[in-house]
Amino acid sequence: MADLTNELLVQSLQEKFGDQVFDIQEPYGLVTVTTTREHIIPMLQALYDDEFLKFQFLTTMCGIHYPDNKGKELGVVYLVHSFTHNVRLRIKIFFSEDDAVVPTATNLYQTANWMERETWDFYGIRFEGHPNLNRILNVDEMEAFPMRKEFPLEDQTREDKINTFFGR
Amino acid sequence: MSDNKSDIIMAETPEGVEGSGFFATSFEKVVGLARKHSLWPLPFATSCCGIEYMATMGSHYDISRFGSERPSFSPRQADLLMVMGTIAKKMGPVVKQVYEQMAEPRWVIAVGACATSGGIFDSYSVLQGIDRIIPVDVYVPGCPPRPEQILDGLMRIQDLAENESLRRRNSPEYQALLASYNIK
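The shown structure was predicted, so the numbers you read here are calculated from the model rather than taken from an experiment.

Peer 1: Help me out: how do you make sense of the overall build of chain A in this one?
Peer 2: Each helix and strand in chain A was counted, giving four helices and seven strands. Tracing chain A from N to C terminus, the helices and strands come up as α-β-β-α-β-β-β-β-α-β-α. With respect to the three principal axes, the spread of C-alpha positions in chain A is 65 × 35 × 30 Å. Per-residue burial for chain A yields a buried fraction of 45% across its 168 residues. Of all intrachain contacts in chain A linking residues separated by at least 6 positions in sequence, the fraction that spans at least 24 positions is 52%. Total accessible area on chain A is roughly 9400 Å²; 50% of this is exposed by carbon and sulfur atoms. Side chains of chain A carry 16 positive and 27 negative charges; the gap between the two charge centres is 4 Å.

Encoded structure:
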C-alpha cells in the first residue's frame with residue numbers, strides 16, 4: 001500500500017468535496033481544513049468509509065470561540081486519525097453564536113458522545129441528534145457556558161475578594 | 001498507677017464539690033469532658049491539605065493524642081467533619097450529604113485556604129468556601145497549613161466541645177442556623 005502523504009490527502013479531499021473544503025493549511029505538517037456545518041458529517045463518513053484513507057478514529061473534538069469573528073464566532077474542531085497510515089487530519093467548522101447547532105457525530109463514532117456533551121457544557125453548542133445532551137462536568141444549575149470568552153474568569157458570587165484589596 | 005514518673009497526663013477534673021468518698025459536678029461538665037476526649041474525625045480530604053492531614057495522622061504529629069484515635073471515612077458515629085482541600089461546586093452536594101448524615105452533636109473544621117474561601121481558585125467551578133453549604137466551627141488558615149495548625153484547629157474544637165451547653169443544639173438560634181443552610 002502506498003504511503004498517505006499530505007498532498008495525496010488534500011487531493012483526495014478536493015476530489016470528493018471540491019469547493020466545500022477550503023482554508024487548507026499544514027501547520028507543523030498537520031493537514032488542517034475548514035468546511036461547513038452541512039458537510040461535516042458526510043465528510044467524516046466519507047473519510048471513515050474510504051478504502052484507502054480509513055480515517056476511523058476520532059482522536060478529539062472540541063469547541064472554539066472567537067468573539068471578534070462576526071457571524072462565525074463559534075466553531076468545532078474534529079481531529080481524526082487513520083491508524084492504517086498513522087496520519088492525522090484536522091477539520092474545522094464555524095458558525096454564528098446565535099445559531100449554535102451542529103449535527104451529531106455519535107452515529108459514526110461512539111466516542112463523540114462524551115466529547116459533544118463536554119462541548120455543549122462548556123461552549124453551549126447544541127448537537128442535533130445527540131442521545132443525552134446535558135451538563136457533564138459543571139453543576140446542572142449553571143446557566144452560562146464557562147469556556148466562552150465573555151464568561152468572567154472569576155466567580156462573580158464573591159463579595160470579599162474585591163478589587164480594592166487585590167490591586168486589580 | 002503508683003509510678004510518679006509516668007508521662008501520662010490525666011484529663012483535668014472539672015469544677016465540682018469534693019468530699020471523702022464522693023465527687024459531685026454538673027452533668028454538662030462531665031458530658032463536655034467526655035466529648036472533648038472522644039472526638040471522632042471524618043477526614044474529607046481532596047488535595048494538598050489532605051496530604052498535610054496525613055502527616056498529622058502519622059506518628060510524628062500523632063493526632064491520636066487528642067482523643068481522636070480513629071479517623072473514619074464514614075459519617076457513621078463521626079462527630080467532627082474535617083474538610084481539607086478544594087471543593088468543586090460539583091462536589092458541594094456530596095459534602096453536604098456527608099454532613100447531613102452525621103449525628104448531632106457535630107463540628108466542622110475547614111482546613112486551608114480552599115475549604116475556607118475557595119483559595120486562589122476564583123473560578124466558575126470551585127465552591128468559594130464550604131460555609132456556603134454547611135456551618136463551619138473552626139477555620140484553619142494556610143495554603144496548605146502545617147500539621148501543627150491542624151492540631152491547633154482540633155484543639156479549638158475540643159474547647160468548643162468541652163464548653164458547649166447541652167441545650168445549644170436545641171436552641172432556636174441553632175435551628176435557625178441549620179435552616180439558613182436548608183438542612184433538615
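Peer 1: Is there a simple way to explain the overall build of chain B in this structure?
Peer 2: Within chain B, the secondary structure is distributed over six helices and six strands. When the helices and strands of chain B are read in sequence order from the N terminus, they spell out β-β-α-β-α-β-α-β-α-β-α-α. On the principal axes, the C-alpha backbone points of chain B span a range of 65 × 40 × 25 Å. With 184 residues in all, chain B has 42% of them scored as buried. Here the analysis covers contacts within chain B between residues at least 6 apart in sequence; of these, 75% occur between residues at least 24 apart. The average position of the 18 basic charges and that of the 21 acidic charges among the side chains of chain B differ by 8 Å.

Peer 1: Help me understand the confidence of the model for chain A in this model?
Peer 2: Detail in the predicted coordinates should be disregarded across regions flagged by low pLDDT. Looking at chain A as a whole, the pLDDT averages 89, with 95% of positions reaching at least 70. Looking over chain A, one finds the lowest element-wise mean pLDDT in helix H4 (residues 163-166) of chain A, namely 67, and the highest in strand S4 (residues 74-82) of chain A, namely 95.

Peer 1: Help me out: how do you make sense of unusual backbone geometry in this one?
Peer 2: Residues other than glycine predominantly adopt negative phi, and peptide bonds predominantly adopt the trans conformation. All names here are of chain B. A cis amide bond links Glu104 with the next residue in sequence, Pro105, at an omega value of -5 degrees. In this model, Cys143 is joined to Pro144 through a cis peptide bond whose omega is -15 degrees. Within the fold, Pro144 resides in the loop between strand S6 (138-140) and helix H5 (147-163). Phi at Asn182 takes a positive value of approximately 60 degrees, unusual for a residue other than glycine.

Peer 1: How should helix H3 (residues 112-123) of chain A be read in this particular structure?
Peer 2: Since the α-helix packs 3.6 residues into each turn, any two residues three or four apart lie on the same face. All names here are of chain A. Here H3 contains twelve residues, and its C-alpha end-to-end distance of 15 Å stays within 8% of the 16 Å for a straight helix at 1.5 Å per residue. All of the buried residues along H3 are Ala112, Met115, Glu116, Arg117, Thr119, Trp120, Asp121, Phe122 and Tyr123. Once H3 ends, the next one or two residues include Gly124, with phi positive near 70 degrees.

Peer 1: So what exactly am I meant to see when it comes to the sheet that holds S6 of chain B here?
Peer 2: The strands that make up a sheet are held in pairs by hydrogen bonds between backbone atoms, and each pair lies either parallel or antiparallel. Residue and element names in this part refer to chain B. With parallel pairing, the four strands of this open sheet are ordered in space as S3-S4-S5-S6. Looking at strand neighbours, the two that pair on one side only are strand S3 (41-45) and S6, the edges of this open sheet. On average, adjacent strands in this sheet sit at an angle of 15 degrees to one another, irrespective of strand direction. In the sheet, strand S5 (residues 107-111) pairs with S6 via three bridges, with the strands oriented parallel. For Ile109, the partnering residue across the bridge sits in S6 and is Val138.

Peer 1: I tried to follow the UniProt feature "domain: NADH:ubiquinone oxidoreductase 30kDa subunit" (unreviewed entry) in chain A on my own but got confused; where do I start?
Peer 2: According to UniProt, the "domain: NADH:ubiquinone oxidoreductase 30kDa subunit" (unreviewed entry) feature falls on residues 33-156 of chain A. In the segment residues 33-156 of chain A, helix accounts for 20% and strand for 29%; the C-alpha atoms at its two ends are 38 Å apart.

Peer 1: Explain the interface of chain B and chain A to me, please; I cannot follow it from the model alone.
Peer 2: Where interface size is quoted, it is often the accessible area lost as the parts come together. In this complex, chain B contributes eleven residues to the contact, which on the side of chain A involves 16 residues. For the pair chain B and chain A, the summed buried area comes to about 1100 Å², and 45% of that belongs to carbon and sulfur atoms. Contact with chain A buries area across many residues of chain B, yet Lys90, Asp122 and Tyr124 of chain B alone supply 60% of it, more than any other trio. Linking chain B with chain A are zero salt bridges. Among the residues forming the side of chain B that touches chain A, the class breakdown is two nonpolar, five polar and four charged.

Peer 1: What is the right way to read the UniProt feature "domain: SEA" (unreviewed entry) in chain B from this model?
Peer 2: With numbering matched to this structure, UniProt assigns "domain: SEA" (unreviewed entry) to residues 147-184 of chain B. Segment residues 147-184 of chain B splits into 68% helix and 0% strand. End C-alpha atoms: 34 Å apart.

Peer 1: I'm lost on the packing of aromatic side chains in this one. Help?
Peer 2: The geometry of an aromatic ring pair is captured by two quantities: the separation of the ring centres and the angle between the planes. A complete count under the given rule lists six aromatic pairs over all chains for this structure. Between Phe57 of chain A and Phe83 of chain A, the ring centres sit 5.2 Å apart and the planes meet at 45 degrees, which makes this aromatic pair tilted. You can see Phe57 of chain A sitting in strand S3 (residues 57-65) and its partner Phe83 of chain A sitting in the loop between S4 and strand S5 (87-95), a full 26 residues away along the chain. With a relative accessible area of 34%, Phe57 of chain A lands in the partly exposed category. Aromatic side chains Tyr66 of chain A and Phe94 of chain A sit 6.3 Å apart centroid to centroid with 40 degrees between the ring planes, which places their arrangement in the tilted category. With a gap of 28 residues between them, Tyr66 of chain A in the loop between S3 and S4 and Phe94 of chain A in strand S5 connect regions that are remote in the sequence. Taking relative accessible area as the criterion, Phe94 of chain A reaches 22% and is therefore assigned partly exposed. Lying over the aromatic face of Tyr99 of chain B, Arg106 of chain B brings its terminal NZ or CZ to 4.2 Å of the ring centre. Across the ring face of Trp107 of chain B, the terminal group of Arg169 of chain B is positioned such that the distance to the ring centre comes to 5.1 Å.

The rules behind these values
- Chains are numbered independently. Their residues run from 1 in the order of the written sequence.
- The naming scheme follows written order: chains are lettered A onward, ligands numbered 1 onward.
- The model is predicted, so local features are restricted to residues of pLDDT at least 70 and side-chain atom pairs to those at 80 or more, both for listing and for counting; the totals for chains, interfaces and linings are taken over all residues.
- Note: side-chain values were computed over all heavy atoms of the structure, leaving out hydrogens and water.
- Secondary structure counts use DSSP, requiring at least four H or I residues in a row for a helix and at least two E residues in a row for a strand, with both numbered from the N terminus.
- Three exposure classes are used, based on accessible area relative to the maximum for each residue type with a 1.4 Å probe and protein chains only: buried under 20%, partly exposed in between, and exposed over 50%.
- By definition in these notes, contact holds between two residues if any of their heavy atoms fall within 4.5 Å.
- Reported accessibility uses the Shrake-Rupley method at a 1.4 Å probe radius. Residues are deemed covered only where the shown protein chains occlude them.
- For this count, His and the chain ends are skipped, Lys and Arg are scored as positive, and Asp and Glu as negative.
- For the purpose of locating charges, the reference atoms are NZ of Lys, CZ of Arg, CG of Asp and CD of Glu.
- As a per-residue quantity, pLDDT reports the predictor's confidence and falls between 0 and 100.
- How far a helix is expected to stretch is found by multiplying one less than its residue total by 1.5 Å.
- A pair of strands counts as paired when DSSP detects no fewer than two bridges linking them.
- Axis lines are fitted through C-alpha atoms, for helices just across the contact stretch, and the angle between N-to-C directions can take any value from 0 to 180 degrees.
- UniProt positions are given in the numbering used here, feature names are shortened, and annotations may be inferred rather than shown by experiment.
- Computed with a 1.4 Å rolling probe, the buried area is the accessible surface lost when two parts are put together, summed over both parts.
- Throughout this description, the term salt bridge denotes a Lys or Arg side-chain nitrogen within 4 Å of a carboxyl oxygen of Asp or Glu.
- Residues are sorted three ways: Asp, Glu, Lys and Arg are charged, Ala, Val, Leu, Ile, Met, Phe, Trp, Tyr, Cys and Pro are nonpolar, and all the rest, Gly among them, are polar.
- Aromatic rings from Phe, Tyr and Trp, with only the six-membered ring used for Trp, were paired whenever their centres fell within 6.5 Å, and each pair was classed as stacked if the ring planes differed by under 30 degrees, edge-to-face if by over 60, and tilted otherwise.
- Any Lys NZ or Arg CZ found within 6 Å of a ring centre and within 35 degrees of that ring's normal is scored as a charge over the ring.

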